[in-house]
Amino acid sequence: METVAVKRKFSGKRNRLDKPELLAPAGNLEKLKFAIHYGADAVYIGGQAYGLRSNADNFSFEEMREGVEFAKKYGAKVFVATNIYAHNEDVAGIEEYLQNLYDAGISAVIVADPAIIEVALRAVPGLEVHLSTQQSTLNWQAVKFWKDEGLPRVVLGRETSFEEIEEIKANVDIEIEAFIHGAMCSSYSGRCVLSNHFTDRDSNRGGCCQSCRWKYDLFEDAREDTVWVSEEEMQMKAPAPFKLGDNQLPLFQEQDNSFSMGSKDLCMIGHIPELIDVGVDSFKIEGRMKSIHYVATVVNVYRQAIDSYMADPENYVLKPEWVEEMNKAANRPLNTGFFYDTPDHEDHIYEPEEKAVPYDFAGLVMGYDEETGMATIQQRNHFKPGQEIEFFGPKGTFFKQVVGEIQDEQGNILDAARHPLQLVKMKVDQPVSYFDMMRKKK
């Protein structure tokens, strides 16, 4: 029987979600559960093919099914990033792969390549297709094109401003997803070839080596123009320690910091009302490679802020503790990206900067006895009596205390919780709940 192409046209009823979706990254099954437990409405994951995070703990189909079942208990959805730019050898198994995603219960795929989009729309019409940010979609005419192709949602390029989003929403009845937190690309998003050049690892096929995060030194060649040379490239191209050639003059002093192209990270926690008012339907957090502590902390803060605004927009205020919490998960200095203005030299990191004190995920609450005030903790990082720790959780749990006596499951007193996933018991100053987290300063 002849296969008939199916394009799903959307009437515009989904133009505006009643409440913005909080979309979180999940690099593995455990991170998926933390993200959803801490308030994500949806998570995006990678499969074992066709995604851009080949180094992540990507999901098997069996893990996807388990993740979908867990998500359903919380009313959440699971999306799969299928966003490579395919070469000829990549296309052969895509139809079967997409069908397997649909059979596993995946709600949508995030796609950049038009060939994969066409296959998904034709072969698996029950699977939603969201346009990936890799397409660098920045204007309403392009958004309208993809809506006419049958896509219900477009993930905008990170370079899109508030003004441009407002114009897009005014002209096209479609869902808009935008990154609101996480790492920014030093290049034009999705167009970097540094990784390909330096290491032969294709950024657009999942192999990015993050060469924009390397450290660089500047040299002048007496015979040619000024050139940049990275420390990593020096070692890769020279079996012996790198040495200056006769015609290479260093444009730096030994005590100078190596140059880095690393951009500051995006953080929009201070601008929730603007994001909602301009019409962003899905708030996307970057970071499938980030830690459990990072995912839980960031999702928890945005969940509280969104809920607070939606409950009482007129009296909404940004709480200082939300900003403080966000800084505890920050890997780099933060800014607002392209939302208000084009980033300039002040939005890049050229030398080491003072950071917020980093924290480690120290333990996970597995149980709590109200009568004794004792909590059962699953150890995730070494901690011991006398250390100050913090508890936080999705129900607003937050308090600090000093670790007191620690016992193992048999009641033996321990000098430290030193074994991974070890179950220990300790008295806590306030009630805690299952899946609350305990952290400590590094």
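Structure's up top.
Parameters at a glance
- Here the residue numbers are simple positions, counted from 1 along each chain's written sequence.
- Totals for whole chains, interfaces and linings use every residue, but because this is a predicted model, local features are given only for residues with pLDDT of at least 70 and side-chain atom pairs only at 80 or more, for both listing and counting.
- For the side-chain quantities, the full set of heavy atoms in the structure was used; hydrogens and water were omitted.
- Secondary structure follows DSSP: runs of H or I at least 4 residues long count as helices, runs of E at least 2 residues long count as strands, and numbering of each begins at the N terminus.
- Burial classification: accessible surface area is computed with a 1.4 Å probe over protein chains only, and a residue below 20% of its type maximum counts as buried, one above 50% as exposed, and the rest as partly exposed.
- Contacts were defined at the residue level, with two residues in contact if any of their heavy atoms lie within 4.5 Å.
- Method for areas: the Shrake-Rupley scheme with a 1.4 Å probe, in which residue coverage is limited to the protein chains shown.
- A patch consists of residues exposed above 30% relative accessible area that lack any salt bridge, with like charges linked at up to 9 Å and nonpolar side chains (Val, Leu, Ile, Met, Phe, Trp, Tyr) linked at up to 5 Å.
- Basic side-chain nitrogens of Lys or Arg form a salt bridge, by our definition, when they fall within 4 Å of a carboxyl oxygen of Asp or Glu.
- Only four residue types enter the tally: Lys and Arg on the positive side, Asp and Glu on the negative side, with His and both chain ends excluded.
- Throughout, a charge is located at the NZ atom of Lys, the CZ atom of Arg, the CG atom of Asp or the CD atom of Glu.
- Centres within 6.5 Å make a pair out of two Phe, Tyr or Trp rings, where for Trp the six-membered ring is used; the pair is then stacked when the planes are under 30 degrees apart, edge-to-face when over 60, and tilted otherwise.
- Two limits define a charge over a ring: the Lys NZ or Arg CZ must be within 6 Å of the ring centre, and within 35 degrees of the ring normal.
- Being paired, for any two strands, means DSSP has found at least two bridges between them.
- By definition, the arc is the one covered by directions from the helix axis to the C-beta atoms.
- Note on definitions: angles span 0 to 180 degrees between N-to-C directions of axes, and those axes are lines fitted to C-alpha atoms, for helices only across the stretch in contact.
- Angular relationships are summarised with four words: roughly parallel below 35 degrees, roughly antiparallel beyond 145, roughly perpendicular across 65 to 115, and oblique for the angles in between.
- Here the nonpolar group is Ala, Val, Leu, Ile, Met, Phe, Trp, Tyr, Cys and Pro; Asp, Glu, Lys and Arg are the charged ones; every other residue, Gly included, is treated as polar.

## Brief notes about the overall build of the chain
When you go through the chain residue by residue, the secondary structure sums to twelve helices and 22 strands. Among the 442 residues that make up the chain, the fraction classed as buried is 50%. Nonlocal contacts in the chain, meaning residues at least 24 apart in sequence, comprise 70% of its contacts between residues at least 6 apart. When the accessible surface of the chain is split by element, carbon and sulfur atoms take 48% of a total near 21400 Å².

## With respect to a negative patch on the surface
Residues Glu-163, Glu-164, Glu-166 and Glu-167 make up a contiguous surface patch of negative charge. Turning to its location among the elements, Glu-166 is positioned in helix α7 (residues 162-171). Among the residues examined, Glu-166 registers a relative accessible area of 52% and is labelled exposed.

## Some points on the pattern of salt bridges
Per the counting criterion, the structure on display carries 25 salt bridges. The partner of Glu-177 in a salt bridge is Arg-153, and the shortest N-O contact between them spans 2.8 Å. Separated by 24 residues along the polypeptide, Glu-177 in strand β7 (residues 175-182) and Arg-153 in strand β6 (residues 153-155) bring together distant segments of the chain. For the residue pair Glu-177 and Arg-153, the accessibility class agrees, reading buried in each case. Each of the salt bridges in this network shares a partner with another, and the network as a whole consists of Glu-324, Glu-325, Lys-328, Glu-390, Lys-400 and Arg-439.

## A few points about the packing of aromatic side chains
For the structure shown, the criterion picks out 13 aromatic pairs. Members of the aromatic cluster, each reached through a chain of ring pairs, are Phe-34, Tyr-38, Phe-361, Phe-392, Tyr-434 and Phe-435. We note Lys-290 situated over the ring of Tyr-294; from NZ or CZ to the ring centre the distance is 4.3 Å. The ring of Phe-392 carries the charged tip of Arg-439 above its face, separated from the ring centre by 4.2 Å.

## So, the pairing of strand β15 (residues 359-369)
One ladder, built from five bridges, connects β15 with strand β22 (residues 437-441); its direction is antiparallel. The residue of β22 that forms the bridge with Phe-361 is Arg-439. Judged from the six bridges that link them, β15 and strand β16 (residues 374-379) form a sheet pairing that is antiparallel. Bridge pairing in β16 links Gly-367 to Thr-376. In this structure, the hairpin formed by β15 and β16 is closed by a connection of four residues, where Gly-373 is found at a positive phi of approximately 70°.

## Side note on unusual backbone geometry
One non-glycine residue, Ser-136, lies in positive phi territory at about 50°. One can find Ser-136 in the loop between β5 (128-131) and α6 (140-148). For Ser-136, a relative accessible area of 12% gives the class buried. Its identity as a non-glycine residue notwithstanding, Phe-435 has a phi of 80°, on the positive side. Residue placement: Phe-435 occurs in the loop between β21 (423-427) and β22.

## Quick notes on helix α12 (residues 320-329)
What α12 keeps buried is the set Trp-322, Glu-325, Met-326, Lys-328 and Ala-329. Axial view of α12: buried residues confined to an arc of 155°, hence all on one face.

## Here's the deal with the packing of helix α1 (residues 29-37) against helix α2 (residues 61-73)
For the pair α1 and α2, interaxial distance at closest approach is 10 Å and the crossing angle is 10°. The orientation of α1 relative to α2 falls into the category roughly parallel. On the side of α1, the interface is formed by Leu-29, Leu-32, Lys-33 and Ile-36, while α2 contributes Glu-63, Glu-66, Gly-67, Phe-70 and Ala-71. Along the lines of polarity and charge, the residues of the contact of α1 with α2 split into five nonpolar, one polar and three charged.

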